[in-house]
Amino acid sequence: MKHDEDLDFSSKCVHSGIEENEFGAVVPPIYQTSTFKFKSADHGASLFAGKEKGYIYTRLANPTIEAMENAIAELEGGYKALGCASGMAAIHTVFASMLSAGDHVVCSAAVYGPTTTLLNTIMKKFGVGTTFTDTTDVGNVLNAMKPNTKVVYVETPGNPTLCISDIEEISKIAHEHNAKVVVDNTFMSPALQTPLALGADVVLHSLTKFLNGHADVVGGIVVVKDEETYTQFRKVLNQTGGVIDPFNSFLVHRGLKTLAIRMEKHTENAQKIAEWLEKHPMVKSIRYPGLKSHPNYEVGLRQHKAPGGMITFEVEGGIEAGKVLIGSVKLCQLAVSLGGVESLIEHPASMTHFSMGKDARLAAGITDGLVRISVGIESADDLISDLDQALAKVKEVIRHLEKTEA
Ligand SMILES: *Cc1c(COP(=O)(O)O)cnc(C)c1O
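Please read these numbers as outputs of a predicted model, since none were measured by experiment. (Residues numbered from 1 in each chain as written. Predicted model: local features only at pLDDT ≥ 70, side-chain atom pairs only at ≥ 80, totals over all residues. Heavy atoms only, no water.)

Examining the site of the ligand
Inspection of the region around the ligand gives 15 residues, with G87, D184, S206, T208 and K209 positioned closest. In this structure, D184 approaches the ligand through a side-chain N or O atom, which is 2.7 Å from a nitrogen atom. A distance of 2.7 Å separates an oxygen atom of the ligand from a polar atom in the side chain of K209. Starting from 380 Å² of accessible surface for the ligand in isolation, the protein chains cover 93%. It is helix α4 (residues 87–98) that provides the largest number of residues to the shell around the ligand, a total of three residues. Looking at side-chain class alone, the shell around the ligand contains five nonpolar, seven polar and three charged residues. (Near = heavy atom within 4 Å. Polar contact = N/O pair within 3.5 Å; in protein donor to acceptor, adjacent residues only side chain to side chain. Areas by Shrake-Rupley, 256 points an atom, 1.4 Å probe, with all protein chains shown as cover. Helix = DSSP H or I, 4+ residues; strand = E, 2+ residues; numbered from the N terminus. Nonpolar A, V, L, I, M, F, W, Y, C, P; charged D, E, K, R; others polar.)

Here we look at helix α7 (residues 167–176)
Because each turn of an α-helix spans 3.6 residues, side chains separated by three or four positions in sequence point in the same direction. Along α7, the residues that are buried comprise I167, I170, S171, I173 and A174. Seen end-on, α7 carries its buried residues on one side only, within an arc spanning 165 degrees. Buried positions along α7 lie against α6 (138–144), β4 (149–155), β5 (180–184) and α11 (297–303). Taken from the residues just after α7, N178 is the one with a positive phi, measuring 60 degrees. (Buried < 20%, exposed > 50% of the residue type's maximum accessible area, 1.4 Å probe, protein only. Arc of directions from axis to C-beta. Contact = heavy atoms within 4.5 Å.)

Some words on the domain arrangement of the protein chain
Considered domain by domain, the protein chain is made up of domain 1 (9–256) and domain 2 (259–405). A straight line from the C-alpha centre of domain 1 to that of domain 2 covers 28 Å. Each partner contributes to the interface: domain 1 provides 43 residues, whereas domain 2 provides 39 residues. A buried area of about 3100 Å², summed over both sides, lies between domain 1 and domain 2, and 63% of it is on carbon and sulfur atoms. Sorting the residues of domain 1 by area buried against domain 2 places I164, L192 and F210 first, and these three jointly supply 24% of that buried surface. Counting across the domain 1 and domain 2 interface gives one salt bridge. For D166, the salt bridge goes to R302, with nearest N and O atoms at 3.1 Å. Listed by contribution, the elements that provide at least two residues to the side of domain 1 that touches domain 2 are α1 (9–15), α5 (113–125), α7 and α9 (246–256). (Domains from an automatic or database assignment. Buried area = accessible area lost by both parts, 1.4 Å probe. Salt bridge = Lys/Arg side-chain N within 4 Å of Asp/Glu carboxyl O.)

Quick word on the packing of helix α12 (residues 318–328) against helix α14 (residues 380–405)
Running from amino to carboxyl end, α12 crosses α14 at an angle of 145 degrees, the nearest separation of the two axes being 8 Å. Crossing angle aside, the handedness with which α12 passes α14 is right-handed. The residues of α14 that touch α12, namely those facing A321, V324, L325 and S328, are Q389, A390, L391, K393, V394, V397 and I398. (Axes fitted to C-alpha atoms, helices over the stretch in contact; angles between N-to-C directions. Left-handed = near helix turned anticlockwise from the far one by under 90°.)

Describing a negative patch on the surface
Residues D4, E5, D6 and E74 make up a contiguous surface patch of negative charge. Here D4 shows up in the segment before α1. (Patch = residues over 30% accessible without salt bridge, like charges linked within 9 Å, V, L, I, M, F, W, Y side chains within 5 Å. Lys, Arg positive; Asp, Glu negative; His and termini not counted. Charge placed at Lys NZ, Arg CZ, Asp CG, Glu CD.)

Quick notes on the sheet that holds strand β1 (residues 80–84)
In a beta sheet, neighbouring strands pair by backbone hydrogen bonds and run either parallel or antiparallel. The strand order β1-β7-β6-β5-β4-β2-β3 describes an open sheet built from seven strands, whose pairing is mixed. Sheet topology places β1 and β3 (129–133) at the edges, where each strand pairs with a single neighbour. The mean angle between the axes of side-by-side strands here comes to 20 degrees, regardless of whether they run parallel or antiparallel. In this structure, strand β2 (residues 104–108) lies alongside β3, joined through five bridges in parallel fashion. The residue bridging C107 from the neighbouring strand is F132, located in β3. Across the sheet, α5 lies against β2, β3 and β4, angled at about 145 degrees from β3, the strand it touches most. This element, helix α8 (residues 227–240), spans β1, β6 (202–206) and β7 (220–224) of the sheet and lies at about 15 degrees to β1. (Pairing = 2+ DSSP bridges.)

Describing the pattern of salt bridges
If you walk through the whole model with that rule in mind, you get eight salt bridges. A salt bridge links E69 to R234; the shortest N-O distance between them is 3.1 Å. Here R234 lies in helix α8 and E69 lies in helix α3 (residues 63–76), a separation of 165 residues in the sequence. Here the two residues E69 and R234 agree in accessibility, since each one is buried. Between K172 and E169 there is a salt bridge; the shortest N-O distance is 3.3 Å. Of this pair, K172 and E169 both sit in helix α7, three residues apart, which is roughly one turn of the helix. Owing to a relative accessible area of 32%, E169 belongs among the partly exposed residues under this scheme.

Section: the layout of surface pockets
Space inside the largest pocket adds up to approximately 800 Å³. When contributions to the lining of the largest pocket are tallied by element, the ones reaching two or more residues are α2 (41–48), α3, β1 and α8. For the lining of the largest pocket, the element with the most residues is α8, which contributes six residues. Looking at the lining of the largest pocket residue by residue, the classes come out as eleven nonpolar, eight polar and nine charged. Taken as a whole, the second largest pocket holds about 320 Å³ of empty space. (1 Å grid on protein atoms, 1.4 Å probe; cavity = no way out; pocket = protein on both sides within 12 Å on 5 of 7 lines; lining within 4 Å. Points joined across faces, edges and corners; volume = space filled by probe spheres on them.)

In structure tokens form, the structure reads like this:
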């Protein structure tokens, strides 16, 4: 029998964070309680003074939340994790913990839209400056570093362009400049990529996406490497209050059990669909980390175990054609978010990345005609036939437009 830490990833997904409990329940109970009774006045005082371990109040700690946090910390190869109310709450917890007025952040240009907005509005208001740069070129990271740079924030693959930044190289540069590296690992999950092992200092996720995987929870998580960082972050989270709740933690923990197998299927489907789309005459361009045509294909091979479940592509005919496409699919659902078992399709320029503004979008490579698919675990053949009928509609509409213009 292997030691726990030597188990394969798929075994860890099933067993991590699960502790013995009173009745021997295979699935640990949900402690749906806001507060915990003290045995005596002295017991309460001792818990508050930190002399004894135990639970006080769910904003501070709760066994169901902790079980899920421990599971994800183990899957990411970190020390401990902090469950947050959403991915954005996780990102805010990280910034609020690591940055002070006068500090500077270097951030990937292609990141989740609201991350850009958070840095450009709230963090800016509190005196934190940010340089956004194309982090797929490590030279840009080096050029953007300033004496007051405290955090290099990388999302890879980046949303929605799926560009890939080299975590290992970026970590070297950041550490030479006494800055820490934070990686948003939402698009890959620890099944496919473990940034801490590549040199990053902090990894975070929107739990809403692949980790929960069933489109029924909003949540976030931050994983850290050491006790000191954990204590520093936990204080901020306790004070700002953006914690996840026990029931959502339970659902995420349940979702984790199938993470390895889901990511395998997401990837298998996405690879098939991407190869099919690449050959389709109505597809103008496509980005998928599993295609040799991807500009950072080689970095990807080194950095992740598999290319994941996200595809972006542009159809011929610009924004109108894109609208026809996303309006014509039937099995793929027109919705934002990603990482669930069901396939979703969306239009970044008018939806997830609208708040960035057009200039920032174009600088990040998000053209108006770009469409993003989160490939689910349905049959790849069914998904391809759905896209095929939708692309046929696009062709019809374009032909019709050309005729009326002529
Ligand atoms: C969704 C998402 C977030 C934000 O997470 P929420 O749970 O919606 O707050 C952050 N980063 C990435 C890459 C995401 O896809």
